[in-house]
Amino acid sequence: MKYMKLGSRPDDFHSDGNNIRFVTAELEADIVISVADVKFYLHKFPLLSKSSRLQKLIAAKNEENNEIDIPDIPGGPAAFEICAKFCYGMIVTLNAHNVVAARCAAEYLEMHDTIEKGNLIYKIDVFLSSSVLRAWKDSIIVLQTTKSLLPWAENLKVVSQCINSLASKASIDPSEVDWSYTYNMKKIASDNGIDVHWNGVRKQQSVPSDWWVEDLCDLEVDLYKRVILAIKAKGLVSNDVIGEALKAYAYRRLPGFQKGRVMTAGINAPKVQTILETIICLLPTEPGSVSCSFLFNLLRTAHFLECEGICKKELITRIGSQLHEASVSDLLFPATTGEIAHDVDLVLSIVEEFVMLDNDIAQTNPEDLEEVVEIKSPIFVSPNSKVAVTKLVDGYLAEIAKDPNLPLSKFIKLAKMVSASSRPVHDTLYQAIDKYLKEHPLLTKSERKEICALMDCKKLTTEARIHAIQNEYLPLRVVVQVLFFEQMGALAGCATELPENGRPLFLHENAASYGSSRSSVTTNTRDGWGSVPNSLKPVSLACSGGERHNGCNDADKNCDHKGNSKVKGILMPKKIMNKLWSSKVGENSSSDMSESPDSTTLESKSVHSRNTRHSVS
């Protein structure tokens, strides 16, 4: 720390322990100056020779009254004592902790060079500009001390000088940094492109680009904001480093922020809200300058504090532009009201921002886009980002589907919000639908049809189709559609080697092990569709040309030894076959069957096969 000594006489100031300060001298004190609750017994001559204000105050007093009260002097008794010692020529030590208070007190006492050349104000200004403000950490300390000396420090330009000094140092090339700084961020050397060892010789570690961010975290939020704005105004620090600085400040100043939660005990909510709003307004506009998880932590804090308005809206907009980087856990905001477990409305607003962003780019004319670039670079949504967001939404739906209080309308709205073209596989969506149906068994038939309409059976994998065929919670129409597409896929993928008779030959594998009844596979559907047993692995079709089998003689025919039917290579439990083929003439004309051309085709095939089999009911 830099310091400066003024004067040469020994320090003869003493105290009697009762807020009285006096100078040991041969002459008796002839003036008493009261500063706050401290009385100073001093001599007029040394004071009047250097302070224009004291000259005026003493001149206004009569000879009988020798006491002057100056309660409003900045810095209080300590700062006045420094000025008084300077007047007596006593040794005074100035440093980063007391120099601003002394400067403000000297200004109050009008200790200018017009009274005496080389007066206190001049000496302090030289010390500040030539020493203190050239030191990184001293500048931070000085700036911190100005907080209690406003508006004097502001009017004397001390605050602006400190801010400019800090911003200039933070903006220089890191290779030119030759002063001490605090850097405890856990980064391995390779993260900064540092080759620690080369040919067995240890190299000196270079200065990281974000060397300054931790020291600035010592500043209160209002001063921190001004320093960051000054750094950004110089335009020499990258947005990524600015983002790191804001992240470090949030970790230091927001309780529990680093662990992804907000501490509720003993926090000053208005102060935390001010810090949060400041960080949000300082976020760089460039996409990707801060991580999506950091933005979610900010939003989680705002959600906890019930912040509304521009700041929260800005966060939602920023997250929407980077939503493809998020994980399902990021979206799990607890609901603050109602019986629902998670705040689905907040997630809906985030996804809506992403969708609107995509729509805005799609609807923007090239001529309009050139005008937008001048203000803010547009954010293009890549196809991979759309797929990633769709997977994220499906995963989130699978997570919240277990909530018994989740309204069906919110589930459907969120599922429909993302583009169908960006959902190449519907397995996770099916998993979410399956969980919702199990958790909400009282859904009406129309509601079950509505939620199942979100799913495209053609986009299910074989494993998911096999599970869906045996899922007792799905409407019959959906089961038929899944079964049809599974058979179409099997036909397209089966081997086409021809035997001697010229007919295609398809092989069955483990056909007889496909389960014996609808009830026997219920355990699998309740546990989750990912638990399909090995016996339900996809198998190829058993095509028999024009041959027909009467009865169920072995496992390679259309029935297994327990009476379950196999439809083109997929074993159908007896219960579901009863629903499909037994006394279902009326159902063929119902809404469950009439809405799907594919199911009608399958039904016609099943009727034909029934004529050549024993009854399966």
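For clarity, every value in this text was computed on a predicted model and none was experimentally measured.

What counts and what doesn't
- Numbers given for residues are sequential positions, taken from 1 along each chain in its written order.
- For this predicted model, a pLDDT threshold of at least 70 governs which residues receive local features, and a threshold of 80 or more governs which side-chain atom pairs are given and counted, while totals over whole chains, interfaces and linings are taken from all residues.
- Based on all heavy atoms of the structure, the side-chain values leave hydrogens and waters out of the count.
- Axes here refer to lines fitted to C-alpha atoms; in helices the fit is confined to the stretch in contact. Angles between the N-to-C directions go from 0 to 180 degrees.
- Strands are runs of DSSP state E lasting at least two residues, helices are runs of H or I lasting at least four, and both sets are numbered from the N terminus onward.
- Note that the term roughly parallel is reserved for angles under 35 degrees, roughly antiparallel for angles over 145, roughly perpendicular for angles of 65 to 115, and oblique for everything else.
- In what follows, residue pairs with any heavy atoms lying within 4.5 Å of each other are defined as contacts.
- Residue polarity follows a fixed list, in which Ala, Val, Leu, Ile, Met, Phe, Trp, Tyr, Cys and Pro are nonpolar, Asp, Glu, Lys and Arg are charged, and the others, Gly among them, are polar.
- Two strands are counted as paired when DSSP detects at least two bridges linking them.
- We define a salt bridge as a side-chain nitrogen of Lys or Arg found within 4 Å of a carboxyl oxygen belonging to Asp or Glu.
- Exposure categories follow from relative accessible area, calculated using a 1.4 Å probe and restricted to protein chains: below 20% of the type maximum is buried, above 50% is exposed, and the middle band is partly exposed.
- Between 30 and 60 degrees the pair is tilted, below 30 it is stacked and above 60 it is edge-to-face, where a pair is any two Phe, Tyr or Trp rings, Trp via its six-membered ring, whose centres lie within 6.5 Å.
- Two thresholds decide whether a charge sits over a ring: the Lys NZ or Arg CZ must be within 6 Å of the ring centre and within 35 degrees of the ring normal.

**Description of the packing of helix H10 (residues 221-234) against helix H11 (residues 239-253)**
Packing of H10 against H11 brings their axes to within 12 Å, and their N-to-C directions diverge by 170 degrees. Classified by the angle their axes make, H10 and H11 are roughly antiparallel. For the pair H10 and H11, contact is made by Val-221, Tyr-224, Ile-228, Ile-231 and Lys-232 and by Ile-242, Ala-245, Leu-246 and Tyr-249, respectively. Per-class residue counts for the contact of H10 with H11 are eight nonpolar, no polar and one charged.

**A closer look at the sheet that holds strand S2 (residues 13-15)**
As summarised here, the arrangement of the five strands in space is S2-S3-S5-S4-S6, forming an open sheet in which the pairing is mixed. Both outer strands of the open sheet, S2 and strand S6 (67-69), are each paired with one neighbouring strand and no more. Mean inter-strand twist for the sheet, computed between neighbouring axes without regard to direction, equals 25 degrees. As paired elements, strand S3 (residues 20-23) and strand S5 (residues 38-42) share three bridges and run parallel to each other. The residue bridging Ile-20 from the neighbouring strand is Lys-39, located in S5.

**Looking at the pattern of salt bridges**
Going through the model one piece at a time under the given rule, you end up with 18 salt bridges. The salt bridge partner of Asp-434 is Lys-438, with a shortest N-O separation of 2.9 Å. With Asp-434 and Lys-438 both in helix H20 (residues 427-439), this residue pair falls four residues apart, about one helical turn. Across the pair, Lys-438 and Asp-434 agree in class, each one buried. Several salt bridges share partner residues, and in doing so they unite Arg-21, Glu-81 and Lys-85 into one network.

**Thoughts on the packing of aromatic side chains**
All chains considered together, the criterion is met by 11 aromatic pairs. Ring plane angle 70 degrees and centroid distance 5.4 Å describe the contact between Phe-484 and Phe-485, whose orientation is recorded as edge-to-face. The exposure class of Phe-485 is buried, given its relative accessible area of 13%. Ring pairs connect the aromatic residues Trp-136, Trp-179, Tyr-181 and Trp-211, which therefore count as one cluster. Its end group placed over the ring of Phe-86, Lys-50 keeps NZ or CZ at 6.0 Å from the ring centre. Directly above the aromatic system of Phe-333 lies the positively charged group of Arg-300, at a separation of 4.8 Å from the ring centroid.

**A short note on unusual backbone geometry**
With an omega of 5 degrees, the peptide bond between Leu-150 and Pro-151 qualifies as cis. Checked against the element boundaries, Pro-151 lands in the loop between helix H6 (136-145) and helix H7 (152-155). Its identity is not glycine, yet Ala-36 carries a phi of approximately 55 degrees, on the positive side. Relative to the helices and strands, Ala-36 is located in the loop between strand S4 (31-35) and S5. One non-glycine residue, Glu-110, lies in positive phi territory at about 60 degrees. Positionally, Glu-110 belongs in the loop between helix H4 (99-108) and helix H5 (120-130).

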